[in-house]
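Here are the chains, one letter per residue:
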Amino acid sequence: MVRLGLATTLLAAASFAQAAHLKAPNVVPGAYIVEYEDSHDPTSILNSIKGDATIRKDIRHELFKGASFQFKDLDKADDLASKVAAMSGVKAMYPVRRYSVPEVTVHYTGSAVQEVVAKRDTGKDTFTPHLMTQVNKFRDSGVTGKGIKVGVIDTGIDYLHPALGGCFGPGCLVSYGTDLVGDDFNGANTPVPDSDPIDNCQGHGSHVAGIIAAQTNNPYGIIGAASDVTLGAYRVFGCSGDVGNDILIEAYLKAYDDGSDIITASIGGASGWPEDSWAAVVSRIVEKGVPCLVSAGNDGDHGIFYASTAANGKKVTAVASVDNIIAPALLSEATYSVANGSLSTFGFTAGTPSAWANVSLPVWSVNFNTADAANGCEAFPDDTPDLSKYIVLIRRGTCTFVQKAQNAAAKGAKYIIYYNNASGSTKVDVSAVAGVQAAAMVTSETGAAWIKALQAGSKVIVNMADPETAPKNLNNFPNTATPGFLSTYTSWGPTYEVDVKPQISAPGGMILSTYPRALGSYAVLSGTSMACPLAAATWALVMQKRGTKDPKVLENLFAATAHPNLFNDGAKNYSMLAPVAQQGAGLIQAWDAANANALLGVSSISFNDTEHIKPLQSFEVTNTGKKAVTYQLGHTSAATAYTFADATSIDPAAFPNELTDAKATLVLTPAKLTLNPGQKKTVTVLAIPPLGLDAKRLPVYSGYITLNGTDSTGYSLPYQGVVGSMRSVTVLDKENSYLSQSSDATLAPVAAGTTFTLPPAGKANETQYANTVYPTVVLTLAMGSAEVRADVVNAKGKTIGQVLTFPAYWNARGTFEWNWDGALSDGSYAPADTYTITLKALKIYGNSKKPQDWETQTTESFTIKYASKIKRVFSA
């Protein structure tokens, strides 16, 4: 019997929910993906479900032979799925998992009514994300990705945007692709595909497309990193909701079949395991010679060991995010005058509420002290005028925006403008304050200018504008907090098997790019979603410059030439390099990758954990240049990150994990090597993990092997390992794994002996049983587990089966819940009786055949009985 992954119907193992802190994907109730054995004729499998299911996707492909289907009767879905999984010719079976549009931060958007076309900029590339990654050197030398096809799997692309080509089809910038879902698709309903992949309602894909290939006919100087590539748009999201992994698999296979040279996707969910169906298909595409880059994820707050799928797939390039060196802002334009003089323009960020249309009033301020940290934090003086006749100007600082607004509103204020105490501007929300009709923020410079005029006794009149229709001006403020450092939101690896993730980093924080015309035409967004397409564009540039499309060669080149950076927690810099688990090889340096004369045989090394340590490893170095070079080998350590806050914790600590400067010892042989042109030699690496660390806290050490050449070139190779045993860490959080009941929103444990009256077998989804209270299995994984079981044990101590949908495979860490209607995984129902449920989680690196490799927790005993079938009474 094949492994049947975790499924969910509406009830019987029915409802599946997740704790708020977990961002693992949900599933489509009653929907499954089945993969056939390569040589098997699927006719008998499909015939077995004929009449019981509809085919969602029938995939007959060299890289994935299978189908996804939707069972019609949700009460029988998992029973039927179990039978299909046991059939001859079934290689694997998975639930259809759902992934949402990535949660990026939208800092600013343009105006939907503003002209989007401007004079073409023919000057040099000064776009800061390009300066950070050496992309500008390609453009300045005429290398722009011409002839390279980049498939973009996302929300579609607004190809009618002038900066995105203005058309779709042969000869256009966006020349191929399709819409796999339709506008109304939300992940739970039936997709309605069509041939038009336009994005008018989401924006994510249009922003991604602009990062890759925006044309220069735009008002803000935006330049795509590889503006002459050909884009393929594969729309997998509707205007709301999420998408199933069967559609993602189909999209990848279409992009592959359409001849994409690179495939990029900024989509994912918590995992840590590379074995799920979507990740497996992406890995197969890479093995066929097409590089696949996937964003690392935006869950950095969860700390280490929170890798995302499909980025955690084998050979898939996972891309982390660093912050831009500037903070671009699209500020709405308005005017002001001093002492009835001429009008001057200024920029503002509209807050909430934002009823600024036709507001023209004098400015009033509490005081004239622009260094007053507590400006507006105290009740306003008794002699304060009626502030309904003014725009109230308040400095940002100390107390909350709401508190300041409440003090102003107490004196009649309707309109409030805050001036910043730092660089730039940001959005404020004071919608909770009664009476305030509009709020906004201006820069510290604008606020200071108004305060200076007021202090001089001049009247300042501000003429605000409707932020929905006002022109937007680009202001590039310095990023003084995190310029070029890892974004705090970027997800950390490694995988639970200690594979290195992410591979590389690219600018993703505070990125200006295109946006659908209906949503403002341009926007500033932050996320690994923005880092991934920039990296994909640099892959295209190096493909063109170097003449290779080999995924392994390209990843190795980029990793060897990347620049690791220091750790920054969002507030301060540390003196240690950021761990490899956060930044991979470091910030990509594309020009150096394209012109490298040394090619390393791998992109990273994992020494694994202490129990499974692989201390002696090797890699090859090839001289691809025309001159002999001698390399001096060495290594530099990165920060070692503790997984757990202390020796008794079982849950990984939240960001920032505690760091230490403990270093591994590496013995490199030879310590120096000379390579003639075309010559290849092997370097062996002996690793001795750092000493003096608390292995119970699972410290993850890392660093970089360095190669410094006599030709003034330098290369590095990231390495990583774990002190302690992955197998020994607690996987099952027993304290938070128990039996609750579906009627309890707090999911408190039930008392022993609780009785549940369940619907008759197979009737759980009928409306007359809508108010049934079900036993709820609550299972919390402190770390990921490759297999989870829920054995149903009767009063005699006999295991009669598992809760339907178990066993569950390749599980992320977090809390899961299942309501149980008595159904078992073999399709039968547990008889009315008294039971306990034994929850089991397989340890990392555990052997499922060894009892000692399982962690278990048994619930309190409970009794189930079944309601009698309700007889319908008909009136005469």
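Residues numbered from 1 in each chain as written. Predicted model: local features only at pLDDT ≥ 70, side-chain atom pairs only at ≥ 80, totals over all residues. Heavy atoms only, no water.

**Details of the overall build of the chain**
As a reminder, the rule being used: Secondary structure elements are defined from DSSP: runs of H or I of at least 4 residues count as helices, runs of E of at least 2 residues count as strands, and each element is numbered from the N terminus. Only the C-alpha atoms count toward the radius of gyration. The rule for a globule is 2.2 Å times the residue count to the power 0.38. For every residue, the accessible area (1.4 Å probe, protein chains only) is compared with the maximum for its type, and the residue is labelled buried under 20%, exposed over 50%, or partly exposed between those bounds. Between two residues, a contact is recorded if the distance between any of their heavy atoms is within 4.5 Å. Counted as positive: Lys and Arg. Counted as negative: Asp and Glu. His and the chain ends are not counted at all. A charged residue contributes its charge at one atom only: NZ of Lys, CZ of Arg, CG of Asp or CD of Glu.
In terms of regular secondary structure, the chain is built from 13 helices and 49 strands. Taking 876 residues into account, the globule formula puts the C-alpha radius of gyration at 29 Å, and the chain, at 30 Å, falls close to it. With the principal axes as the frame, the chain shows a C-alpha extent of 90 × 90 × 60 Å. For the chain, the proportion of its 876 residues judged to be buried stands at 60%. By sequence separation, contacts in the chain at least 24 residues apart represent 77% of the contacts at least 6 residues apart. One way to put it: in the chain the 67 positive side-chain charges average out to a point 4 Å from where the 75 negative ones average out.

**A closer look at the pattern of salt bridges**
Heads up, the rule is: Put simply, a salt bridge is a Lys or Arg side-chain nitrogen that is within 4 Å of an Asp or Glu carboxyl oxygen.
The final tally for this structure, using the stated rule, is 23 salt bridges. Of the charged contacts in the structure, one is a salt bridge between Lys-57 and Glu-250, with a shortest N-O distance of 2.7 Å. Pair noted here: Lys-57 is in strand β3 (residues 53–60) and Glu-250 is in helix α6 (residues 245–257), with a separation of 193 residues, a long-range link. You can call Lys-57 buried: its relative accessible area is 10%. With its nearest N and O atoms 2.9 Å apart, the salt bridge here joins Glu-855 to Lys-843. One end of the pair, Glu-855, is in strand β48 (residues 854–858); the other, Lys-843, is in the loop between β47 (833–842) and β48, with twelve residues separating them in the sequence.

**Quick notes on the packing of α6 against helix α7 (residues 277–287)**
Any two packed helices are characterised by the angle at which their axes cross and by the distance between the axes. For clarity, the threshold we go by: Axis lines are fitted through C-alpha atoms, for helices just across the contact stretch, and the angle between N-to-C directions can take any value from 0 to 180 degrees. For classification, angles of less than 35 degrees are called roughly parallel, those exceeding 145 degrees roughly antiparallel, those between 65 and 115 degrees roughly perpendicular, and all remaining angles oblique. Polarity classes work like this: nonpolar for Ala, Val, Leu, Ile, Met, Phe, Trp, Tyr, Cys and Pro, charged for Asp, Glu, Lys and Arg, and polar for all others, with Gly in that last group.
Where α6 meets α7, the closest approach of the two axes is 9 Å, and the angle between their N-to-C directions is 10 degrees. When the axes of α6 and α7 are compared, the pair comes out roughly parallel. Of the residues in α7, those touching α6 at Asn-245, Leu-248, Ile-249, Tyr-252, Leu-253 and Tyr-256 are Ser-277, Trp-278, Val-281, Val-282 and Ile-285. A class-by-class count of the residues in the contact of α6 with α7 yields nine nonpolar, two polar and no charged.

**A closer look at the packing of helix α5 (residues 204–213) against helix α10 (residues 528–546)**
To keep it simple, the criterion reads: Each helix crossing is assigned a hand: it is left-handed if the near helix lies turned anticlockwise from the far helix by less than a right angle, otherwise right-handed if that turn is clockwise.
Across the interface, α5 lies against α10 with an axial gap of 8 Å and an inter-helix angle of 35 degrees. Our pair here, α5 against α10, has a crossing hand that is right-handed. Together, His-204, His-207, Val-208, Ile-211 and Ile-212 of α5 and Ser-529, Met-530, Pro-533, Leu-534 and Ala-537 of α10 make up the contact between the two elements. For the contact of α5 with α10, the residue count by class is seven nonpolar, three polar and no charged.

**A look at a nonpolar patch on the surface**
Filter applied, for reference: Patch membership is restricted to residues that have no salt bridge and whose relative accessible area is over 30%. Joining uses 9 Å for like charges and 5 Å for the nonpolar side chains Val, Leu, Ile, Met, Phe, Trp and Tyr. Working definition of accessibility: Shrake-Rupley area with a 1.4 Å probe, residue cover restricted to the visible protein chains.
On the surface, Leu-616, Val-667, Leu-686 and Ile-688 cluster together into a nonpolar patch covering about 330 Å² of accessible area. Take Leu-616: it is sitting in strand β31 (residues 616–623). Since its relative accessible area comes to 60%, Leu-616 is described here as exposed.

**Thoughts on helix α11 (residues 551–561)**
Spelled out, the test is: Pairs of N or O atoms within 3.5 Å make up the polar contacts considered here, provided that, within protein, one atom can donate a hydrogen while the other can accept it, and that residues adjacent in sequence are counted only when both atoms are side-chain atoms.
Burial runs high along α11: nine of the eleven residues are buried. Those residues of α11 that fall on the buried side of the exposure criterion are Pro-551, Leu-554, Glu-555, Asn-556, Leu-557, Phe-558, Ala-559, Ala-560 and Thr-561. Of the residues that open α11, the one with a side-chain oxygen 2.9 Å from the backbone nitrogen of Lys-552 is Asp-550.

**Structural notes on α5**
Taken across its ten residues, α5 has ten buried, putting it largely inside the fold. Those residues of α5 that sit buried are His-204, Gly-205, Ser-206, His-207, Val-208, Ala-209, Gly-210, Ile-211, Ile-212 and Ala-213. Looking at the packing, one finds that the buried side of α5 touches β7 (149–154), β9 (230–235), β11 (262–265), β25 (511–514), β26 (522–526) and α10.

**Thoughts on the state of the cysteines**
Here is the rule we go by: We call a pair of cysteine sulfur atoms a disulfide whenever their separation is within 2.5 Å.
Applying the stated criterion to the full structure yields three disulfides. Each disulfide pairs two cysteine sulfurs, and for Cys-201 the partner residue is Cys-239, the sulfurs being separated by 2.1 Å. A torsion of -85 degrees about the S-S bond marks the disulfide between Cys-201 and Cys-239 as left-handed. On the criterion of sequence distance, the pair formed by Cys-201 in the loop between β8 (174–179) and α5 and Cys-239 in the loop between β9 and β10 (242–244) is long-range, its members being 38 residues apart. Judged by its relative accessible area of 25%, Cys-201 falls in the partly exposed class. You can call Cys-239 partly exposed: its relative accessible area is 31%. Between the sulfur of Cys-377 and that of Cys-399 lies a disulfide, 2.0 Å long from S to S. Disulfide Cys-377-Cys-399: the torsion about the S-S bond is -95 degrees, which places it as left-handed.

**Re unusual backbone geometry**
Looking along the chain, the bond that leaves Gly-493 and enters Pro-494 is cis, with omega of -10 degrees. Relative to the assigned elements, Pro-494 resides in the loop between β23 (472–478) and β24 (504–509). Of the consecutive residues Thr-669 and Pro-670, the connecting peptide bond is found in the cis state with omega at 0 degrees. Mapped onto the elements, Pro-670 comes out in the loop between β35 (665–669) and β36 (672–675).

**Some words on the sheet that holds β25**
As a reminder, the rule being used: The criterion for strand pairing is that DSSP finds at least two bridges linking the strands in question.
The strand order β6-β26-β25 describes an open sheet built from three strands, whose pairing is antiparallel. Pairing within the sheet leaves two strands with one partner each, and these edge strands are β6 (105–109) and β25. Direction aside, neighbouring strands of the sheet carry axes that sit 35 degrees apart on average. Of the pairings in the sheet, the one linking β25 to β26 comprises four bridges and is antiparallel in character. In the strand pairing of β26, Leu-512 is matched with Val-524.

**A word on the UniProt feature "domain: PA" (unreviewed entry) in the chain**
For clarity, the cut-off: UniProt positions are given in the numbering used here, feature names are shortened, and annotations may be inferred rather than shown by experiment.
According to UniProt, the feature "domain: PA" (unreviewed entry) maps to residues 373–449 in the numbering used here. Its end C-alpha atoms 18 Å apart, residues 373–449 is made of 19% helix and 19% strand.

**A look at the side chain of Arg-98**
Structurally, the position occupied by Arg-98 is in strand β5 (residues 90–100). Among the residues examined, Arg-98 registers a relative accessible area of 16% and is labelled buried.

**Quick word on the packing of aromatic side chains**
For clarity, the threshold we go by: Classification of ring pairs rests on two measures: the distance between centres of Phe, Tyr or Trp rings, Trp counted by its six-membered ring, which must be within 6.5 Å, and the angle between planes, read as stacked under 30 degrees, edge-to-face over 60 and tilted in between. In this analysis the charged atom, NZ for Lys or CZ for Arg, is taken to sit over a ring once it is within 6 Å of the ring centre and within 35 degrees of the ring normal.
Inspection of every chain in the model, using the stated rule, returns 28 aromatic pairs. Taking 5.1 Å as the distance between ring centres and 90 degrees as the angle between the ring planes, the aromatic pair formed by Tyr-220 and Tyr-522 counts as edge-to-face. One end of the pair, Tyr-220, is in the loop between α5 and β9; the other, Tyr-522, is in strand β26, with 302 residues separating them in the sequence. Each member of the pair Tyr-220 and Tyr-522 is classed as buried. Counting every residue linked through ring pairs, the aromatic cluster contains Trp-273, Phe-305, Tyr-496 and Trp-810. Note that Lys-149 overlies the ring of Tyr-176, its terminal NZ or CZ placed 4.4 Å from the centroid.

**Points about the pairing of strand β32 (residues 629–637)**
Two faces belong to every sheet, and in a regular strand the side chains alternate between them. Where β32 lies against β36, four bridges are found, and the strand directions are antiparallel. Across the sheet, Thr-630 pairs through a bridge with Thr-674, a residue of β36. The pairing of β32 with strand β38 (residues 699–709) spans seven bridges and is classified as antiparallel. Paired with Thr-636 across the strands is Tyr-704, a residue of β38.

**Regarding the confidence of the model for the chain**
In regions of low pLDDT, the predicted coordinates are not meant to be interpreted in detail. Threshold: Each residue carries a pLDDT score, the predictor's confidence in it, ranging from 0 to 100.
When pLDDT is averaged along the chain, the result is 92, and 95% of the positions lie at 70 or above. Confidence over residues 116–120 falls short of pLDDT 50; this stretch has 15 contacts with residues more than four positions distant or in other chains. Counting contacts from residues 870–876, a segment whose pLDDT is below 50, to residues more than four positions away or on other chains yields two contacts.

**Here's the deal with the sheet that holds strand β37 (residues 680–688)**
Pairing within the open sheet is antiparallel, and its four strands lie in the order β29-β31-β37-β35. Since the sheet does not close on itself, it has two edges, and those belong to β29 (598–600) and β35, each with one partner. Neighbour-to-neighbour, the strand axes of the sheet open up by a mean angle of 25 degrees, direction not taken into account. Bridging between β35 and β37 involves five bridges; their strand directions are antiparallel. For Thr-665, the partnering residue across the bridge sits in β37 and is Ile-688.

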